[in-house]
Amino acid sequence: MIGGVVMILVVLWIYHSAVKAKVDNVLLWVAVSAGVFLAVQYFAVNLNIFLLDALKSDIGANYERDLTSIGDRKNKGGFQGFGGGLLSVLLELLPPLLGVLAVALIRTKLILKEALTVGNLFSGMKDVFITIKNSFQNN
């Protein structure tokens, strides 16, 4: 869900930047950027699964239960407390953030043809949010 909302904002950002830079094939760049975002997000989710499996401790036979059994799983060895919550938030936000970073690199180097600086990577986001805000106002 979070990745979908972020992807919509990223596609709007790429479209706005490409139109402003007067690039040919604006919709092609938007489609390529959306594809790259999805691919990076897919691989980041698989990385998250790999990391969780690597960090998981043995939680015993009480976790794996029959599909027809009733009751809660006993997951005393799982990720609990503040650290577990922080890890869950980090792993949830990592795929969309890596997707945004990958698209920002494409936008900066291939669409705008600028140097790789933090300012250039994320420039234009404010303009997109202002445009979105203005689209909801009545004239």
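Presented here is an overview of the structure given in this document.

### A word on the nonpolar core
No. 1: Residues Val10, Trp13, Ile14, Ala18, Phe37, Val103 and Ile111 are the most contacted members of the largest nonpolar core, which totals 16 residues.
No. 2: Sorting the residues of this core by element identifies helix 1 (2-20), helix 2 (26-55) and helix 3 (81-111) as the ones contributing at least two each.
No. 3: The element best represented in this core is helix 1, accounting for five residues.
No. 4: In this view, Ile111 contacts Ile14, Ala18, Val23, Trp29 and Ile106; residues no more than four positions away in its chain are not counted.

### As for the packing of helix 1 against helix 5 (residues 125-135)
No. 1: For the pair helix 1 and helix 5, the least separation of the axes is 9 Å and the interaxial angle reads 105°. Comparing the axis directions of helix 1 and helix 5 gives the class roughly perpendicular. For the pair formed by helix 1 and helix 5, the contact residues are Leu9, Leu12, Trp13, His16 and Lys20 on the first element and Met125, Asp127, Val128, Phe129, Thr131 and Ile132 on the second.
No. 2: Class assignment for the residues of the contact of helix 1 with helix 5 results in seven nonpolar, two polar and two charged.

### Comments concerning helix 2
No. 1: Look at helix 2: 43 Å from first C-alpha to last across 30 residues, which is about the 44 Å you get at 1.5 Å a residue.
No. 2: Of all the residues in helix 2, the buried ones are Val26, Val30, Ser33, Ala34, Phe37, Gln41, Ala44 and Asn48.

### Observations regarding the environment of Leu91
No. 1: Mapped onto the secondary structure, Leu91 falls in helix 3.
No. 2: A sequence separation of 46 residues divides Leu91 from Val45, and the C-alpha atoms of the two residues are 8.2 Å apart.
No. 3: Aside from chain neighbours lying at most four places away, what touches Leu91 is Asn48, Leu51 and Leu52.

Each value, and the rule that gives it
- Residues numbered from 1 in each chain as written.
- Predicted model: local features only at pLDDT ≥ 70, side-chain atom pairs only at ≥ 80, totals over all residues.
- Heavy atoms only, no water.
- Core = buried A, V, L, I, M, F, W, Y, C linked by side-chain atoms within 4.5 Å.
- Buried < 20%, exposed > 50% of the residue type's maximum accessible area, 1.4 Å probe, protein only.
- Helix = DSSP H or I, 4+ residues; strand = E, 2+ residues; numbered from the N terminus.
- Contact = heavy atoms within 4.5 Å.
- Axes fitted to C-alpha atoms, helices over the stretch in contact; angles between N-to-C directions.
- Parallel < 35°, antiparallel > 145°, perpendicular 65-115°, else oblique.
- Nonpolar A, V, L, I, M, F, W, Y, C, P; charged D, E, K, R; others polar.
- Expected span 1.5 Å × (residues − 1).

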